[in-house]
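# Structural overview
So you can see what is in the structure, the chains are spelled out below.
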Amino acid sequence: MNELKLSNRKPLFSHFSKYHTIYIFTVILFITGIIFGAVIVNSMTFVQKQDLFFYLDRFFSGYLQEDNISKQALFTNAIFYHIQFLALLFFLGLAVIGLPIIWVLLFVKGVAIGFTVGFFVNQLGFNGLLFSFTSIAPQNLIIIPIYIIASSMAMVFSLTLLQSIFSKRYKQPILQIFYRYTLVFICLMAVMSLAAVLESVVSFETMKILSRNIIN
C-alpha cells in the first residue's frame, strides 16, 4: 500500500523537481507585480487619489447597496471571467510565441491586486487593511495559486514544444503531454468555481456590510 502511494506521488514530485525554477519564476513575477501595484499607489498625487476614491465611494454607495442584485448573475460573471482567463493561458501555452504574453498577464494580475489593496490601505489605514483582508483576500487565496499553476503549466508546455521542435535529443510524446496539460486545466477550472462562489456570495456580502461602516 505504501509503495502504491509513493508511486502515485512520484510523477507529481518529479514534475515539481524538474520545473521548480519555472514555478519560482512565476511566483516572483507575480509578487513583483503586487509590489509594482503598491508603488503606483504611492506615486499618485493627492488629487488623483481623491478622484479615484470618490468614484469608489459612489460605487459602494450605489451598486453594492442595491437589493435586486442576483447572486447567480454574480457567480456566472465571476466564473465566466476566470474560465476565460484560464482558457487564454491554455491557448497561449499551445503557441510557441505565447510565453511573453503569459508573463505580461501574470504581472498585470499582480499589479491589479497590489494596487487595489495598496489603495484601500493608503486611503483608509487599518480599516482598508480589514476591508482587503475580509473582502478581497478570501477568493484570491484560491485564485492566485490557480493562476500561478496555470501560468507555470502553460510555460512548461510551451517550452516542451520548443524543445521538441528544435532539439532532437528532447523528443517527447507531445500528444500524451497535451492530454495531461488539458486535464490539469480542466481541474483548475473546476476548482475555480469555488473561488467564484466565494467572490459572488461571501466576499460580496462582506463588502456590502463593511462598505456601510468603513467607506461611507
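Computed from a predicted structure; not experimentally measured.

### What to know about the overall build of the protein chain
Per the secondary structure count, the protein chain includes six helices and zero strands. Taken from N to C terminus, the helices and strands of the protein chain fall in the order α-α-α-α-α-α. A buried classification covers 38% of the 216 residues belonging to the protein chain. In the protein chain, the share of contacts with a sequence separation of at least 24, taken over all contacts with a separation of at least 6, comes to 84%.

### Description of the side chain of Ser158
By the secondary structure assignment, Ser158 is in helix α5 (residues 126–166). With residues up to four places along the chain from it excluded, the contact list for Ser158 reads Gly93, Ala95, Val96 and Leu99.

### Overview of the packing of helix α3 (residues 71–94) against α5
One way to put it is that α3 packs onto α5 with a least axis distance of 7 Å and a crossing angle of 20 degrees. On the basis of their axis angle, the class for α3 and α5 is roughly parallel. By crossing handedness, the relation of α3 to α5 is classed as right-handed. When α3 is examined against α5, the residues Tyr81, His82, Phe85, Leu86, Leu89, Gly93 and Leu94 are found in contact with a partner set consisting of Ile143, Ile146, Tyr147, Ala150, Ser151, Ala154, Phe157, Ser158 and Leu161.

### Focus on the environment of Val41
Along the chain, Val41 turns up in helix α1 (residues 2–43). Residue classification places Val41 among the buried residues on the basis of a relative accessible area of 0%. Note: C-alpha distance between Val41 and Gly114 (73 residues apart in sequence) is 8.8 Å. Sequence-distant contacts of Val41, that is, excluding residues within four places in its chain, are made with Lys49, Phe115, Gly118, Phe119 and Asn122.

### Observations regarding helix α4 (residues 99–124)
For α4, built from 26 residues, the straight-helix expectation of 38 Å at 1.5 Å per residue is met to within 8% by its first-to-last C-alpha distance of 38 Å. Gly125, located one to two residues past α4, shows a positive phi value of around 65 degrees.

### Structural notes on the nonpolar core
Core analysis: the largest hydrophobic core is formed by 31 residues, its most contacted members being Leu86, Leu89, Tyr181, Phe185 and Met192. At the level of secondary structure, the elements contributing two or more residues to this core comprise α1, α3, α4, α5 and α6 (174–215). Take this core: its biggest share by element is eleven residues, from α5. Ignoring sequence-local partners within four residues, the contact set of Tyr181 consists of Leu89, Phe90, Gly93, Leu94, Met153, Ala154 and Phe157. Listed in part, the eight residues of the second largest apolar core include Val41, Phe53, Phe131 and Ile136.

### What about the packing of aromatic side chains?
Both the distance between ring centres and the angle between the ring planes are used here to describe each pair of aromatic rings. Overall, the coordinates contain 13 aromatic pairs when judged by the stated rule. Measuring from centroid to centroid gives 6.1 Å for Phe115 and Phe119, while their planes differ by 15 degrees, and the two rings are stacked. Separated by four residues within a single helix, Phe115 and Phe119 lie in helix α4, roughly one turn from each other. With relative accessibility at 2%, the residue Phe119 sits in the buried group. An angle of 65 degrees between the planes, with centres 5.0 Å apart, marks the rings of Tyr181 and Phe185 as edge-to-face. Taken together, the residues Tyr181 and Phe185, both in helix α6 and four residues apart, mark about one turn of the helix. As far as burial versus exposure is concerned, Tyr181 and Phe185 are alike and both buried. Over the ring of Phe85 we find Lys109; its NZ or CZ atom is 4.5 Å from the centre of that ring.

Cut-offs applied
- Residues numbered from 1 in each chain as written.
- Predicted model: local features only at pLDDT ≥ 70, side-chain atom pairs only at ≥ 80, totals over all residues.
- Heavy atoms only, no water.
- Helix = DSSP H or I, 4+ residues; strand = E, 2+ residues; numbered from the N terminus.
- Buried < 20%, exposed > 50% of the residue type's maximum accessible area, 1.4 Å probe, protein only.
- Contact = heavy atoms within 4.5 Å.
- Axes fitted to C-alpha atoms, helices over the stretch in contact; angles between N-to-C directions.
- Parallel < 35°, antiparallel > 145°, perpendicular 65-115°, else oblique.
- Left-handed = near helix turned anticlockwise from the far one by under 90°.
- Expected span 1.5 Å × (residues − 1).
- Core = buried A, V, L, I, M, F, W, Y, C linked by side-chain atoms within 4.5 Å.
- Phe/Tyr/Trp six-rings, centres within 6.5 Å; stacked < 30°, edge-to-face > 60°.
- Lys NZ or Arg CZ within 6 Å of the ring centre and 35° of its normal.

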